Amino acid sequence: MCPTGLTPTVYTSRPNVKLTIIPPPVVNNIGVMSIDSPTVFCNNLQNVYATVRNYGTNAVTGFNVNWSVNGVLQTPVSSTATIDTIGTATNTTQVFLGSFSFANGVSSQIKAWSSNPNSVTDTIRADDTSSVFRAPAMSGTFTIGGSAGPTNFATFDAAIAALNVGGVCGPVVFNVAPGTITRTTAITIGEISGASNINTITFDGLNKNSVNFTGSIASSGIFVLNAARYVKLRNMTVTNGNATTPCAIAAVGATRGIGLSNVIARVPVQTGTSTTG
């Protein structure tokens, strides 16, 4: 009811009210921050280490770490290490998880996750887990061509894929079987982990007249060394028959230590002048 003679006022706008909800502090919260090792390695059998961080406001004096390789559970670890509270300099600890024998040429996923800080449930699960992919690095002499085997790769692409998986831990030589290799896409070699002026990567045709790479690829090389380091090409013939700005061997990006020895590079005769860069 309104008093006589008064007209009610109706407000249709909503008040601008901001509510800030501050979540309560998480008391017991830890997680596997990183899987530290192995990194680049030669031997198949490796020790696996991970770092656990305390994200909670309680110091932690005991916890569990479970881990798996390629989805296969490994023996869990119970630790009695003390991890100080979040924000302190001592709120991490490294844990030895165990050993595993990694297969050559296979990228294996290592996954680790924490649980039971101070023997209670960790209610924040989003920061519990870390994972990485690892594989043994390569070292020694291999071949390219023919049937795949322990030291032989059927194709250049397979050999480069193996290099990309694990890198190198010593000098690597690929002896290329005689024949003509026709390419419709470039053979791209990027930066390989572990490559150095000592741990070089060599592709050797053994005879420049017996190993021939050929193709017709526009605006590209048959070989593209894309930020590759310490890669050597020896004793081969490389021919790009495309008439559109062809290149036999292209080096792009931050390449370093590239070597060509006894290599014949052929492209069609070009007319005119062009400038790039």
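Just above, that's the structure.
Conventions we followed
Residues numbered from 1 in each chain as written. Predicted model: local features only at pLDDT ≥ 70, side-chain atom pairs only at ≥ 80, totals over all residues. Heavy atoms only, no water. Core = buried A, V, L, I, M, F, W, Y, C linked by side-chain atoms within 4.5 Å. Buried < 20%, exposed > 50% of the residue type's maximum accessible area, 1.4 Å probe, protein only. Helix = DSSP H or I, 4+ residues; strand = E, 2+ residues; numbered from the N terminus. Contact = heavy atoms within 4.5 Å. Disulfide = S-S within 2.5 Å. 1 Å grid on protein atoms, 1.4 Å probe; cavity = no way out; pocket = protein on both sides within 12 Å on 5 of 7 lines; lining within 4 Å. Points joined across faces, edges and corners; volume = space filled by probe spheres on them. Nonpolar A, V, L, I, M, F, W, Y, C, P; charged D, E, K, R; others polar. Phe/Tyr/Trp six-rings, centres within 6.5 Å; stacked < 30°, edge-to-face > 60°. Polar contact = N/O pair within 3.5 Å; in protein donor to acceptor, adjacent residues only side chain to side chain. Pairing = 2+ DSSP bridges. Axes fitted to C-alpha atoms, helices over the stretch in contact; angles between N-to-C directions.

**Q** Account for the nonpolar core, with residues named and values stated.
**A** Buried together is how nonpolar side chains tend to be arranged in soluble globular proteins. Residues Phe156, Phe174, Ile201, Phe203, Phe213 and Phe223 are the most contacted members of the largest nonpolar core, which totals 32 residues. Examining the composition of this core, we find that five residues originate from one element, helix H1 (residues 156-166), more than from any other. Contacts of Phe203, omitting those with residues within four sequence positions, involve Ile144, Phe156, Leu163, Phe174, Ile189, Val231, Lys232, Leu233, Arg234 and Met236.

**Q** Let's hear about the state of the cysteines: which residues, and what values?
**A** On inspection of all chains with the given rule, the structure shows one disulfide. Here Cys42 engages in a disulfide with Cys169; their sulfurs sit 1.4 Å apart. In this structure, the disulfide formed by Cys42 and Cys169 twists by about 100° around the S-S bond and is classed as right-handed. Of the two residues, Cys42 sits in the loop between strand E1 (30-37) and strand E2 (45-54) while Cys169 sits in strand E11 (residues 168-176), which places them 127 residues apart along the sequence. Using a relative accessible area of 35% as the deciding quantity, one classes Cys42 as partly exposed. A residue is classified by how much of its surface remains accessible, and Cys169, at 25% relative accessible area, is partly exposed.

**Q** Any chance you could break down unusual backbone geometry for me, citing the residues and the numbers?
**A** Along the chain, Ser37 connects to Pro38 via a cis peptide bond; the corresponding omega equals 10°. Tracing the backbone shows Pro38 in the loop between E1 and E2. Not every positive phi belongs to a glycine, and Asn118 is a case in point at roughly 55°. You can see Asn118 is positioned in the loop between strand E7 (108-115) and strand E8 (129-134). Look at Asn262: it is not a glycine, yet its phi comes out positive at around 55°. Locating Asn262 in the fold gives a position in strand E19 (residues 259-266).

**Q** Summarise the layout of surface pockets; cite the residues concerned and give the values.
**A** Taken as a whole, the largest pocket encloses approximately 280 Å³ of empty space. Breaking the lining of the largest pocket down by element, the ones donating at least two residues are strand E9 (138-144) and strand E10 (152-153). A per-element tally of the lining of the largest pocket places E9 first, with three residues. Within the lining of the largest pocket, the residues separate by chemical class into 10 nonpolar, six polar and no charged.

**Q** Describe the packing of aromatic side chains, naming the residues involved and giving the relevant values.
**A** Summed over the entire model, instances satisfying the criterion amount to 11 aromatic pairs. Summarising the aromatic geometry, the rings of Phe100 and Phe102 are spaced 5.0 Å apart at their centres and angled 70° between planes, so their arrangement reads as edge-to-face. For the pair formed by Phe100 and Phe102, the shared burial category is buried. Among the aromatic side chains, those forming a connected cluster through ring pairs are Phe142, Phe153, Phe156, Phe174, Phe203, Phe213 and Phe223.

**Q** Report on the side chain of Ser130, specifying residues and quantitative values.
**A** Relative to the assigned elements, Ser130 resides in strand E8. Here Ser130 falls in the buried class, since its relative accessible area comes to 14%. A polar atom in the side chain of Ser130 sits 3.2 Å from the backbone oxygen of Met33.

**Q** Just give me the short version of the sheet that holds strand E16 (residues 221-226), but keep the residues and values in it.
**A** With parallel pairing, three strands are arranged side by side in an open sheet as E13-E16-E18. Every interior strand has two partners, whereas the edge strands, strand E13 (187-189) and strand E18 (247-252), have only one. Recorded for the sheet is a direction-independent mean angle of 10° between the axes of neighbouring strands. As defined by bridge partners, E16 adjoins E18 across five bridges and the pair is classed as parallel. When the sheet's bridge partners are listed, Leu225 is paired in E18 with Ala251.

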